[in-house]
Each structure stands twice: as C-alpha cells, then as structure tokens.
Amino acid sequence: MKYIDEFRDGDLARNIARSIAAEADPAREYRFMEFCGGHTHAISRYGLSDLLPPNVRMIHGPGCPVCVLPIGRVDQAIRMALEHEVILCTYGDCLRVPASDGLSLLKAKARGADVRMVYSTQDALALAQKHPERQVVFFAIGFETTTPPTAVAIDQAAALGLGNFSVLCCHVLTPAAIVGILESPEAKAGGVALDGMVGPAHVSTVIGSAPYEFVPERYGKPVVIAGFEPLDMMQAILMLVRQVNQGRAKVENEFTRAVTPEGNRKAQALVAKIFELRPEFEWRGLGTVPDSALKLRPEYAAFDAELRFPLPYTPVPDHKACECGAILRGVKEPRDCKVFGTVCTPENPLGSCMVSSEGACAAHYTYGRYKDAVSS
C-alpha cells in the first residue's frame, strides 16, 4: 500500500538502527520518552527496542487517552447512567476502564444501565435525534485529536436545538501533560532523567509543532514529532540522538507528510469556539494539573452534562496493587508491577494501562515484551 509499506521496510529499519548504534556515544545513556500511546504500541508491535543499542532506552509516557482518565470520572459517568437513566455513549475502550466498587461502564450496563458503544460523536448525535424522549450523554475523552469531533457534535446540536443531548467533557491537553511529566516530583528529584521526547503524531496534526517549543526553551530537552510507522520511530530516535550529541535542543518534525508548524487552524478555531480551559483537572498518575483540560464555554452550557446532571466529582485513588500511575509518569515499566500478566491481563484489567491497546501494559502483554525481559 503506497505511503504505508515503504515505512515498514525491514532493511531500511536495520540501516537506521546501525546509524543509531554508530552515533550513540557508548560512554553515556540516552533516555527518550515516547509520549503517545500509539508510539508505545508501535515499539512493542514491531520490536523496535530490539533494534536499539543497550544505551538507547525508550520510556513510556502518558499519551493514552483511556489510561490517563481518573477513576472518579468513570464513576461520574456510571452514576449518570444508573441514577439519571440516560443513554450514555462513549468509545469502546472506555467501557472497560475499572472504576469503584468493582464496576466499569460495561459492568454497569450488565446491571441495567443504558450504556452504548459508539464509533463517532455523530453516532451519539443520531441517537439523540432518534430518541427525543431520552437524555443522551456523550462521555467525551481524549487528547486534541478527538476534541474537534466533539466540538462539531455540540455545534450541530446547538444548530438543531437538541435539548436531549449533552457532553460529559474529559478532553485533555498534551502540552500540559508534558509539563506534568517534567515537573513531577520524581523528575525534580532526578528519578525521570529524560534526554528528549518523541512528540505525538495525530495530536500534532491538529495543534501543529509550534506548541512544543516551550520544552527546549524552558527545559532544554529536544522534541522530535514522529509518525506511527517503524521507520518514522527509528528516524525520530536517530534525530534525537544527533541533537543530544550536538548539544542542541529544538523541536524537529520527522512527520512532515502530515504535521505543519501551525497545525489545523480550522479545527483549532472550532475547538476555541466551543471550549475553554478548566482551571484544573485530575489525571491518573499525574494528579491535578492546572489548565490541562477543557470545558464547555458558558454559551454552550445547555450541552454540559456536568451542569445538566449535577453529580459532584469525587477523586478516587487507584488500586493499591496497580502501578499504572507510576508507569504513566515514566517512573516504572509494566514488568515492575507485581500484578502485571497475572491478576491483571487484557481480559481482566486491574488498571487502565491494561485496557486500551495503546496502554503500555496492554502493548507489552499483547506482543510478549515482558516474556523477553523475564528470559533475558
């Protein structure tokens, strides 16, 4: 397939790997965080870590939308479905995120809640039009990639005068999460010594490359935006190694076929029309991060499910045995969790990192990376 197969060429990947090995200084260690869960999935799926020299290490970041969703937000959605008898719609992976009292949205559905999986915001909008007698709530999660479709749905609902459609908004922002990582207690204590970051692909098609400029300017760390294919990732790692060796810290764009400095301005304008910043928002693993999420503007308050169904948000700590929070901060790896692959599996996830295929734990488990670590 044109523009896909050529980015999965094994010979080219090994050539880039040889360049990385030749240019990586054996006297030092290189620690790069791939922020995006899609990159984590690609690294495990294609075995890219096996192509890197031992002193070039990839660290998993918090860029999985399902993974960073705190338990309290899932509880909020479950309560809306059970107590207010709404039709609650959301994306598939979100249904299986463990919540309080052994529940998840899927288990709440088994208890009688009207919870439905949708493939797009338009599916939820269509449900509201089809069932004018029912309240339909779309549980909106995700980074900047999935925010524009939610904005479109709200804009359309307003134009149609749909009084039975609302959104439980949990959209979060990538730059703020990067700050949360670099400002975490572990980072300040030297526990997360990152040399650079692989910037997300899909997010960057929307916001562009310019919003990452603060990372090299404020923290002195390079960022290379990369696509999801194996050659994209390998080339981005080589670009990071070269920046570190040359003492440079810049935002570079490997994914030039899709990402521009300014991003998608039409999508940005629509998001700005519908949403504004939340003063603070809780993330799983990062705690409460200021200006890191979105809420509906006052002129669209009629479509805000948090206002229509006043259910106060209550923070809930993660399961004591689950290391998902530390994994999202880059402090630990999946194999450092005592329940990984035993009590916690994709079929029976104890933490959110094992739910989505983009979660670090699910990726390691699915592609057997943990078995390699055990045997080595």
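Everything discussed here concerns the structure shown above.
For clarity, every value in this text was computed on a predicted model and none was experimentally measured.

Rules used in this analysis
Counting from 1, residues in each chain are numbered in the order their sequence is written. For this predicted model, a pLDDT threshold of at least 70 governs which residues receive local features, and a threshold of 80 or more governs which side-chain atom pairs are given and counted, while totals over whole chains, interfaces and linings are taken from all residues. Computation of side-chain values: all heavy atoms of the structure, hydrogens and water removed. In DSSP terms, a helix is any run of H or I states spanning at least four residues, a strand is any run of E spanning at least two, and both are numbered starting from the N terminus. Radius of gyration means the value over C-alpha atoms here, while the globule rule gives 2.2 Å times the residue count to the 0.38 power. Classification of residues uses two cut-offs on accessible area relative to the type maximum, computed with a 1.4 Å probe and protein chains only: under 20% is buried, over 50% is exposed, and between them is partly exposed. The contact criterion used throughout is that any non-hydrogen atoms of two residues lie within 4.5 Å. A pair of strands counts as paired when DSSP detects no fewer than two bridges linking them. Only C-alpha atoms enter the line fits that serve as axes; for helices the fit covers just the stretch in contact. Angles between N-to-C directions range over 0 to 180 degrees. Between the rings of Phe, Tyr and Trp (Trp by its six-membered ring), a pair exists once the centres lie within 6.5 Å; its type follows the angle of the planes, with under 30 degrees stacked, over 60 edge-to-face, and the other angles tilted. Both a distance and an angle decide whether a charge sits over a ring: NZ of Lys or CZ of Arg must be within 6 Å of the ring centre and within 35 degrees of the ring normal. Each cavity reported here is a set of points on a 1 Å grid over the protein atoms alone in which a 1.4 Å probe fits but cannot get out, each pocket an open set with protein on both sides within 12 Å along at least five of seven lines, and each lining residue one with an atom within 4 Å of a point. Grid points are joined across faces, edges and corners, and a volume is the space filled by probe spheres set on the points. Just so you know the grouping, Ala, Val, Leu, Ile, Met, Phe, Trp, Tyr, Cys and Pro go in nonpolar, Asp, Glu, Lys and Arg go in charged, and all remaining residues, Gly too, go in polar. Note on angle classes: values under 35 degrees are labelled roughly parallel, values over 145 roughly antiparallel, values of 65 to 115 roughly perpendicular, and the remainder oblique. Rotating anticlockwise by less than a right angle from the far helix to the near helix defines a left-handed crossing, while the corresponding clockwise rotation defines a right-handed one.

## Some words on the overall build of the protein
The number of helices and strands found in the protein is 16 helices and 13 strands. The C-alpha atoms of the protein give a radius of gyration of 21 Å, which matches the 21 Å a tight globule of 376 residues would have. With respect to the principal axes defined by its C-alpha atoms, the protein has extents near 65 × 45 × 45 Å. Here the protein, with 376 residues, has 57% of them falling under the buried criterion. In the protein, the proportion of contacts linking residues at least 24 apart, taken out of those at least 6 apart, comes to 77%.

## Looking at the sheet that holds strand β1 (residues 30–36)
Strand order in the open sheet formed by five strands is β2-β1-β7-β8-β9, with parallel pairing between adjacent strands. Looking at strand neighbours, the two that pair on one side only are β2 (56–63) and β9 (251–253), the edges of this open sheet. Each strand of the sheet is rotated relative to its neighbour by a mean of 25°, with strand direction disregarded. Strands β1, β2 and β7 (196–199) of the sheet are contacted by helix α7 (residues 174–182), whose axis makes an angle of about 145° with β1. Helix-sheet contacts for helix α11 (residues 230–245) involve β1, β2, β7, β8 (223–225) and β9, and the interaxial angle to β1 is about 135°.

## As for the packing of aromatic side chains
Each aromatic ring pair is summarised here by two numbers: the centre-to-centre distance and the angle between the ring planes. Scanning all chains against the criterion turns up six aromatic pairs. When the centroid spacing of 6.2 Å and the interplanar angle of 45° are considered together, the rings of tyrosine 30 and phenylalanine 32 count as tilted. Of the two residues, tyrosine 30 and phenylalanine 32, neither departs from the other in class, the shared state being buried. Taking 6.3 Å as the distance between ring centres and 80° as the angle between the ring planes, the aromatic pair formed by phenylalanine 340 and tyrosine 365 counts as edge-to-face. Here the residue phenylalanine 340 occupies a position in the loop between α14 (324–328) and α15 (360–366), and tyrosine 365 occupies one in helix α15, the gap between them amounting to 25 residues. Ring pairing ties together the aromatic residues Phe35, Phe143 and Trp283, which thus form one cluster. We note arginine 28 situated over the ring of tyrosine 30; from NZ or CZ to the ring centre the distance is 4.8 Å. Against the face of tyrosine 313 rests arginine 73, its NZ or CZ located 4.1 Å from the ring centre.

## Digging into empty space enclosed by the protein
Under the criterion given, the structure shown has three cavities of 30 Å³ or more. Lining the largest cavity, in full, are Cys322, Glu323, Cys324, Ile327, Cys337, Val339, Phe340, Cys344, Gly351, Cys353, Met354 and Cys361. For the lining of the largest cavity, the per-class residue count stands at ten nonpolar, one polar and one charged. Approximately 60 Å³ is the volume attributed to the second largest cavity. Of all the secondary structure elements, the ones that give two or more residues to the lining of the second largest cavity are β1, α2 (37–46), β2 and α14.

## Details of the packing of helix α6 (residues 147–160) against helix α12 (residues 265–274)
The contact between α6 and α12 brings their axes to 9 Å, and the two run at 55°. In terms of their interaxial angle, α6 and α12 are classed as oblique. Crossing angle aside, the handedness with which α6 passes α12 is left-handed. Across from Thr147, Pro148, Ala151, Val152, Ile154 and Asp155 in α6, the residues of α12 making contact are Ala267, Leu270, Val271, Lys273 and Ile274.

What is shown is where atoms sit, not what they do.
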